Amino acid sequence: IAFSKALEIDPANYVAMVGRGSAHSISGDIPSALDDFTSALEINSNHAEAWKRRGQTHAIGENFDNAIADLKQALTLAGADEDVSSQLGTIYHKRGDFIAALKYLKRSLREHRERGTPVDASLHNLIGHCYVSTGASKKAIMHYQRALHINPDFLEVWVNSAQASLQLADLNGT
């Protein structure tokens, strides 16, 4: 309601449009969210947050081509954003492009380190899965171990780590 009121007062308030679009996205109203983000970008095409939010919303709707394009534009404008990099990696992972996924997921790790922000265990788990999928079991196990160091109760990581260890044993002929 507050965003709509702000837009009544100033219809060109692209920040309020992004806020209202985010509220629409959270409530599941994807078409209204996309309309608001697109309107914000028509007013200010350099607003990285609008590109990011529209990309995220496209991803929710599994419109991955548009999501990738918007998230890449957000990265171009922002320079660095560990969440956008992670989201791009996740989308490429869902598409089965594990090399592209690794590029963005590793970038996200680097951006977390540079900003001093904590890394979630799920990021290491996803990196591990990409490595397993490309046959790099040793690197996968290393990331699974990092994930377990962050969250020792992450069941999926335990399973993934065991599977990577089996894959490594098969590769070594043991």
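Residues numbered from 1 in each chain as written. Predicted model: local features only at pLDDT ≥ 70, side-chain atom pairs only at ≥ 80, totals over all residues. Heavy atoms only, no water.

What about the environment of Met 142?
Condition: By definition, any uninterrupted DSSP run of H or I lasting at least four residues is a helix, any uninterrupted run of E lasting at least two residues is a strand, and each is numbered from the N terminus.
Position of Met 142 among the secondary structure elements: in helix α9 (residues 137–150). A sequence separation of 95 residues divides Met 142 from His 47, and the C-alpha atoms of the two residues are 37 Å apart.

Some thoughts on a nonpolar patch on the surface
Our working definition: Like-charged residues within 9 Å of one another, or nonpolar side chains (Val, Leu, Ile, Met, Phe, Trp, Tyr) within 5 Å, are grouped into patches, provided each residue has over 30% relative accessible area and no salt bridge. We get accessible surface area from the Shrake-Rupley algorithm with a probe of 1.4 Å; when it comes to residues, only the shown protein chains can shield them. Any Lys or Arg side-chain nitrogen found within 4 Å of a carboxyl oxygen on Asp or Glu counts as a salt bridge. Only protein chains enter the calculation, and the probe is 1.4 Å; a residue is then buried if its accessible area is under 20% of its type maximum, exposed if over 50%, and partly exposed in between.
A contiguous nonpolar patch, built from Leu 155, Trp 158 and Val 159 and spanning about 330 Å² of accessible area, is present on the exposed surface. Secondary-structure assignment places Leu 155 in helix α10 (residues 155–171). For Leu 155, a relative accessible area of 61% puts it in the exposed group.

Looking at the side chain of Ser 137
Which entries qualify depends on this criterion: In protein, a polar contact requires one atom able to donate a hydrogen and another able to accept it; more generally it is a pair of N or O atoms within 3.5 Å, and residues adjacent in sequence count only if both atoms are side-chain atoms.
Here Ser 137 is to be found in helix α9. A polar contact of 2.7 Å, which involves the side chain of Ser 137, links it to the side chain of Gln 167.

A word on the nonpolar core
Threshold: Side-chain atoms within 4.5 Å link the members of a nonpolar core, which is a set of buried Ala, Val, Leu, Ile, Met, Phe, Trp, Tyr and Cys residues. Contact criterion: two residues are considered in contact whenever any of their non-hydrogen atoms come within 4.5 Å of each other.
Grouped together as the largest cluster of nonpolar side chains are 33 residues, with contacts concentrated most on Leu 88, Ile 91, Tyr 92, Leu 105 and Ile 127. Elements with a contribution of two residues or more to this core: α5 (64–78), α6 (82–94), α7 (98–115), α8 (121–133), α9 and α10. When near neighbours in sequence (up to four residues on either side) are disregarded, Leu 105 contacts Ser 85, Ser 86, Gly 89, Thr 90, Leu 123, Leu 126, Ile 127 and Cys 130. Within the second largest apolar cluster, eleven residues are counted, among which are Leu 7, Ala 16, Leu 41 and Ala 50.

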